[in-house]
Amino acid sequence: MNIEPLPKIFKQFNGLVVKQMTETEMEHPRLILHSFLTEDECKELEFIHKSCSTIGYRPNVFSTTLSHLIATNSAHLITPFLPIRDRLKEKVEEFFGCEYELVTEFTGLISWSRGASIGWHSDDNRPYLKQRDFTAVCYLNSYGKDFEGGLFHFQDGEPKTIAPMVGDVVIYTADSRNTHSVDEVADGERLTLTLWFSRDSSHDEDAKLISLLEENLMHKSNNVPWSFLPLPASDNMYWFSPNQASNQYIEFDIRLGRLHALGFDVYYSQDLNFTADLSELLMEPMQLARRDQLIDHKFVNILHSLQVAQFYFWKLCKSQALTNEVQCDKAVRLSQPQSEKITQVNSVFLKDTKLVESVFHSADQCYFDPATFSGAITAWEDYSCKLHKEILLSLPQWRAHQAIYSIKFDVS
């Protein structure tokens, strides 16, 4: 049987057929990989970001870094990143011919909400960024479905414009050969996993992360419930203020904002003193309410409730098994005083709900069942405990090799 060889303009690349670069394209080296990430991988990273993100480095941008996850007692949530990091590093090294030369300089989830954009730039365009050699941008959701605007443009070479699609990856040199920009996001939230790779081992993020992990996990066990309960960062890391031309100063707490987008309100049973500093309030135990119902479950803090709520909506379409396997928390009708307390909390931490809804799209149309939600609380604990055990088992090998990578364990 005769098999036609690939045309000269194509080559085999680690099992994938990709277009071979022409001389012109070699001036702007880049690689587009379609469906490199699975939808399940994208959804899990989306869950992590929407559970843990803080205000980002630019207006209308939110970010989740691995160091932030460790610092907020959510170190177990770095685990889903690791096989993706490993595969991306291998692809970059193979494509650019620098096997075993690279270290990962940065790994982070970045989302752009309405109004976010960036003009022409290269990723090494500052003296303190010159260590960046290569960039990998993984798209976790899709243009036209999850957000409008936010198209990616290269200044020179082909392809000129990229419409982000879930699971696709763009890999390119971080220097001026691949100067690029991103259009303003008109609606929705554009979500990416972004990594930078460097030939300079002194900029390896793994050594810093291992040190943080050792410090964070030193006195913890894999079988105590508080090992994986999140601890919020400083409040100012969660206060969103839009880039407005007017003098009106409106802001909101993104943790309550994301809960509001899911259809939840926050209830504190203790008396609220609104003349005092309320910065500590969101560290206190609280409950979630939905419409006129109060869910009879106490969360340790606002971040705990957000992680569980996001987990519920992440797993909802697959969660029939969550329904009646555990004792169900009751949902009771809110009293008038309880409703008034919720209104007071919203007046401080949300202020303008229309602004919140313009930043975070509402998921309130999703079906909600208190029994399933109760099961999701237990399922979130099982999920977190499993990842936490994997971290504890992996850390000795990471320490020995001074590198973080995916290790498969049976911790079921």
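Please refer to the structure placed before this passage.
Since this is a predicted model, take the numbers as computed values, not measurements.

**Student:** How would you sum up the overall build of the protein chain? Please name residues and give values.
**Tutor:** Tallying secondary structure elements over the protein chain gives ten helices and 21 strands in all. Residues counted as buried form 54% of the 412 residues belonging to the protein chain. The contacts in the protein chain between residues at least 6 apart in sequence include a share of 78% that link residues at least 24 apart.

**Student:** Explain the packing of helix 6 (residues 254-261) against helix 7 (residues 302-315) to me, using residue names and the numbers behind them.
**Tutor:** Direction vectors running N to C along helix 6 and helix 7 enclose 30 degrees, while the axes themselves pass 10 Å from each other. When the axes of helix 6 and helix 7 are compared, the pair comes out roughly parallel. Crossing handedness for the pair helix 6 and helix 7: left-handed. Contacts between helix 6 and helix 7 pair Arg255, Leu256, Arg258 and Leu259 from the former with Ile302, Leu303, Ser305, Leu306, Ala309 and Gln310 from the latter. Its residues placed into classes, the contact of helix 6 with helix 7 shows six nonpolar, two polar and two charged.

**Student:** Any chance you could break down the pattern of salt bridges for me, citing the residues and the numbers?
**Tutor:** This model, assessed by the stated rule, comprises 16 salt bridges. The partner of arginine 132 in a salt bridge is glutamate 105, and the shortest N-O contact between them spans 3.2 Å. Remark: glutamate 105 occurs in strand 6 (residues 103-112) and arginine 132 occurs in the loop between strand 7 (118-121) and strand 8 (134-139); sequence separation between them is 27 residues. Each member of the pair arginine 132 and glutamate 105 is classed as buried. Residue lysine 386 pairs with glutamate 390 through a salt bridge whose shortest N-O separation is 2.8 Å. Of this pair, lysine 386 and glutamate 390 both sit in helix 10 (residues 370-401), four residues apart, roughly one helical turn. Residue classification places glutamate 390 among the buried residues on the basis of a relative accessible area of 10%. Look at the salt bridges and you will find they share partners, linking Lys43, Glu46 and Lys50 into a network.

**Student:** Give a description of the pairing of strand 5 (residues 61-65) that names residues and reports values.
**Tutor:** For a regular strand, the rule is simple: side chains alternate between the two faces of the sheet. Summarising burial for strand 5: four of the five residues are buried, a large majority. In this structure, strand 4 (residues 54-55) lies alongside strand 5, joined through two bridges in antiparallel fashion. The residue bridging isoleucine 55 from the neighbouring strand is phenylalanine 62, located in strand 5. Between strand 4 and strand 5, which pair antiparallel and follow one another directly, the connecting turn spans five residues, one of which, asparagine 60, has a positive phi of 65 degrees. Examined bridge by bridge, strand 5 and strand 6 share five bridges and lie antiparallel to one another.

**Student:** So what's going on with the nonpolar core? Residues and values would help.
**Tutor:** Leu213, Phe264, Phe373 and Trp398 are the most contacted members of the largest nonpolar core, which has 93 residues in total. The element that contributes the greatest number of residues to this core is helix 10, accounting for eleven residues. When residues of this core are assigned to domains, at least three map to each of domain 1 (28-219) and domain 2 (235-315 + 329-390). When sequence neighbours within four positions are dropped, the list of residues in contact with phenylalanine 373 reads Phe264, Leu288, Ile295, Phe299, Val308, Ala309, Tyr312 and Phe368. Judged by nonpolar contacts, the second largest core, of 14 residues, contains Ile110, Trp112, Ala116 and Val137.

**Student:** Any chance you could break down the pairing of strand 15 (residues 190-198) for me, citing the residues and the numbers?
**Tutor:** Burial within strand 15 is extensive, with nine of its nine residues counted as buried. In strand 15, alternate side chains face the same way, and those of Arg190, Thr192, Thr194, Trp196 and Ser198 on one face and Leu191, Leu193, Leu195 and Phe197 on the other are all buried. The pairing of strand 6 with strand 15 spans nine bridges and is antiparallel. Residue valine 103 lies in a different strand from strand 15, and its bridge partner there is serine 198. Strand direction decides the pairing type here: strand 8 and strand 15, joined by six bridges, are antiparallel. Across the sheet, residue threonine 135 finds its bridge partner in strand 15, namely tryptophan 196.

Calculation rules
- Residues numbered from 1 in each chain as written.
- Predicted model: local features only at pLDDT ≥ 70, side-chain atom pairs only at ≥ 80, totals over all residues.
- Heavy atoms only, no water.
- Helix = DSSP H or I, 4+ residues; strand = E, 2+ residues; numbered from the N terminus.
- Buried < 20%, exposed > 50% of the residue type's maximum accessible area, 1.4 Å probe, protein only.
- Contact = heavy atoms within 4.5 Å.
- Axes fitted to C-alpha atoms, helices over the stretch in contact; angles between N-to-C directions.
- Parallel < 35°, antiparallel > 145°, perpendicular 65-115°, else oblique.
- Left-handed = near helix turned anticlockwise from the far one by under 90°.
- Nonpolar A, V, L, I, M, F, W, Y, C, P; charged D, E, K, R; others polar.
- Salt bridge = Lys/Arg side-chain N within 4 Å of Asp/Glu carboxyl O.
- Pairing = 2+ DSSP bridges.
- Core = buried A, V, L, I, M, F, W, Y, C linked by side-chain atoms within 4.5 Å.
- Domains from an automatic or database assignment.

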